[in-house]
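Structural description and commentary
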Amino acid sequence: MTFRLFDAPLREPSQFVGFAGNTIDRQSENRADDSVEKALADTRARLLPMHGGRLYLKLSDGNFDPWFDVAGSELLQPSFEQGVLLGVSDSGPVLAVPVGLDPEQLPETIKAIDYRSVYMQGLIDEAAAGALAQGAALLAWHASHRFCSKCGHESQMRAGGYKRHCPNCSTEHFPRTDPVAIMLTATPEKCLLGRGRHFGPGMYSALAGFIEPGETIEAAVRRETLEEAGIRLGRVVYHASQPWPFPYSLMIGCFGEPLNDDIQADLNELEDCRWFFRDEVRSMLERTHKDNLVTPPKGAIAHHLIRAWVDSE
Ligand SMILES: [Zn+2]
């Protein structure tokens, strides 16, 4: 049996997906309870202001800049006590901070744009998008986990935002990441793509679903493919992963080998699901399909799964 580690590419496929360009040194061993306070006192501190699923960006000469210094963020009404320390970059500490100013009241030079549009339109560079994924996931977790799940008492942020502590029962709560399996079922000739009910016009993608407690990644890939498409899988291999801050998932991309041909799509989940031959999929990637069918955009891990299969020998 070959040992796959030494055959693996030096730049793994995960490095090419959207939100993967995070360059922050997280310093996870050094998260003291006063680390946010100390970081905010550092004149080099840079902030990503966020609120309600939107990132606040400075607009100048058609370019977007998501980075604010502490003083520059004041007009956005930041809640510094709810800020989280993402880590340290070459130019100092990096934080994500929830802000209170209504987007309607922003000056012309600042825009509040939802995370998905920021990512889809490539408004910020890859390092900033990586920081956005980290900050957005953490702030969303804090916003929905204010109270202790054991005793119901209000909990307090600790460790720079990487923990919540319950002062009543002393339970500690840690940020969660929800694993989602996303899989391209393929033979050398054809692959299985589905169309979700909320997808944009003509879009087909790889199937996906949450990994459940007590399940391996491979078992989840097989279960979801069978449930959604009626296709049983043989071999399953991992390809790449992607941080996905909606609100705090990790997409785990795999390939699966089909054992049967006859699709039985779960029409509660999917509008359509069918086999596509390689040439047709290539035209979908290149936006030249005769019926204007398309695959997901470049930053999406589904795009990379599909592209890797189309380009395979
Ligand atoms: Zn408690």
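Predicted, not measured: the structure shown is a model, and the values here were computed from it.

Notes on the overall build of the protein chain
When its secondary structure is counted, the protein chain shows 7 helices and 15 strands. Rg of the C-alpha trace for the protein chain: 22 Å, near the compact-globule value of 20 Å for 313 residues, within the 12% margin. Referenced to the eigenvectors of the C-alpha coordinate spread, the extents of the protein chain come out at roughly 60 × 50 × 45 Å. Here the protein chain holds 313 residues, and 48% of them are scored as buried. In the protein chain, once contacts between residues fewer than 6 apart in sequence are set aside, the share between residues at least 24 apart is 64%. Entry remark: accessible area of the protein chain is about 16,400 Å², with carbon and sulfur atoms responsible for 51%.

Some remarks on the domain arrangement of the protein chain
Taken domain by domain, the protein chain consists of domain 1 (15-146) and domain 2 (178-310). If you average the C-alpha positions of domain 1 and of domain 2, the two centres end up 31 Å apart. Of the roughly 1,200 Å² buried between domain 1 and domain 2 on both sides combined, carbon and sulfur atoms contribute 73%. For domain 1, the biggest contributors to the area lost against domain 2 are Val-17, Phe-19 and Tyr-119; these three give 40% of the whole. At the surface where domain 1 touches domain 2, the tally comes to 0 salt bridges. Here domain 1 and domain 2 share 6 residue pairs in polar contact (both at pLDDT 80 or more) between them. If one sorts the elements of the side of domain 1 that touches domain 2 by residue count, helix H4 (residues 126-144) sits on top with 6 residues.

Things to note about helix H5 (residues 217-229)
Taking 1.5 Å per residue as the helical rise, H5 with its 13 residues ought to reach 18 Å, and the 18 Å between its terminal C-alpha atoms agrees with that figure. Buried residues of H5: Ala-220, Val-221, Arg-223, Glu-224, Thr-225, Glu-228 and Ala-229, and no others. Residues of H5 that are buried in the fold lie against strand S10 (178-186), strand S11 (190-196), strand S12 (207-210), strand S13 (233-244), strand S14 (249-258) and strand S15 (270-277). Following H5 by one or two positions, Gly-230 adopts a phi angle in the positive range, close to 70 degrees.

Some thoughts on the nonpolar core
One finds Met-50, Leu-55, Leu-86, Leu-132 and Leu-193 to be the most contacted residues of the largest nonpolar core, which totals 52 residues. Split by domain, the residues of this core number at least three in each of domain 1 (15-146) and domain 2 (178-310). In this structure, Leu-55 is in contact with Leu-48, Pro-49, Met-50, Pro-66, Lys-111, Ala-112, Ile-113, Tyr-115, Val-118, Ile-124 and Leu-132, ignoring residues within four places of it in sequence. The next biggest cluster of nonpolar side chains, apart from the first, holds 17 residues, and it includes Ala-39, Leu-40, Leu-95 and Leu-101.

Considerations on the pairing of S14
Counting buried positions along S14 gives 8 out of 10 residues, so the element sits mostly inside the fold. Bridge count between S10 and S14: 8 bridges; the pairing is parallel. For Leu-184, the partnering residue across the bridge sits in S14 and is Phe-255. The pairing of S13 with S14 spans 9 bridges and is antiparallel.

Description of the coordination of the zinc ion
Within the protein, the zinc ion binds to Cys-148 (SG), Cys-151 (SG), Cys-166 (SG) and Cys-169 (SG); these donor distances fall in the range 2.3 to 2.4 Å. Around the zinc ion sit 4 donor atoms, and with donor-metal-donor angles ranging over 100 to 115 degrees the site reads as tetrahedral. Within one chain, the residues donating to the zinc ion are spaced in sequence as C-x2-C-x14-C-x2-C. In this pair, Cys-151 sits in the loop between H4 and strand S7 (156-158) while Cys-169 sits in the loop between strand S8 (163-165) and strand S9 (172-173), placing the two residues 18 residues apart along the sequence. With a relative accessible area of 35%, Cys-151 lands in the partly exposed category.

A short note on the environment of Ala-136
Tracing the backbone through its elements, the reader meets Ala-136 in helix H4. Under the relative-accessibility criterion, Ala-136 is labelled buried at 2%. For the pair Ala-136 and Tyr-115, spaced 21 residues apart in sequence, the C-alpha to C-alpha distance is 8.4 Å.

Considering the environment of Ala-41
Positionally, Ala-41 belongs in helix H1 (residues 35-41). Taking the C-alpha atoms as reference, Ala-41 lies 8.6 Å from Val-70; in sequence the two are 29 residues apart.

Describing the pattern of salt bridges
Counted by the stated rule, this structure contains 17 salt bridges. With a closest N to O distance of 2.6 Å, Arg-223 and Glu-215 form a salt bridge. Take Glu-215: its relative accessible area is 21%, and that puts it in the partly exposed class. In the salt-bridge network here, residues are joined through shared partners; they are Glu-215, Arg-223, Glu-224 and Glu-227.

Parameters and conventions
- Residues numbered from 1 in each chain as written.
- Predicted model: local features only at pLDDT ≥ 70, side-chain atom pairs only at ≥ 80, totals over all residues.
- Heavy atoms only, no water.
- Helix = DSSP H or I, 4+ residues; strand = E, 2+ residues; numbered from the N terminus.
- Rg over C-alpha atoms; globule rule 2.2 N^0.38 Å.
- Buried < 20%, exposed > 50% of the residue type's maximum accessible area, 1.4 Å probe, protein only.
- Contact = heavy atoms within 4.5 Å.
- Areas by Shrake-Rupley, 256 points an atom, 1.4 Å probe, with all protein chains shown as cover.
- Domains from an automatic or database assignment.
- Buried area = accessible area lost by both parts, 1.4 Å probe.
- Salt bridge = Lys/Arg side-chain N within 4 Å of Asp/Glu carboxyl O.
- Polar contact = N/O pair within 3.5 Å; in protein donor to acceptor, adjacent residues only side chain to side chain.
- Expected span 1.5 Å × (residues − 1).
- Core = buried A, V, L, I, M, F, W, Y, C linked by side-chain atoms within 4.5 Å.
- Pairing = 2+ DSSP bridges.
- Donors = N, O, S within 2.8 Å, 3.2 Å for Na, K, Ca; no water.
- Tetrahedral: all angles 85-135°; square planar, octahedral: opposite > 155°, others 65-115°.

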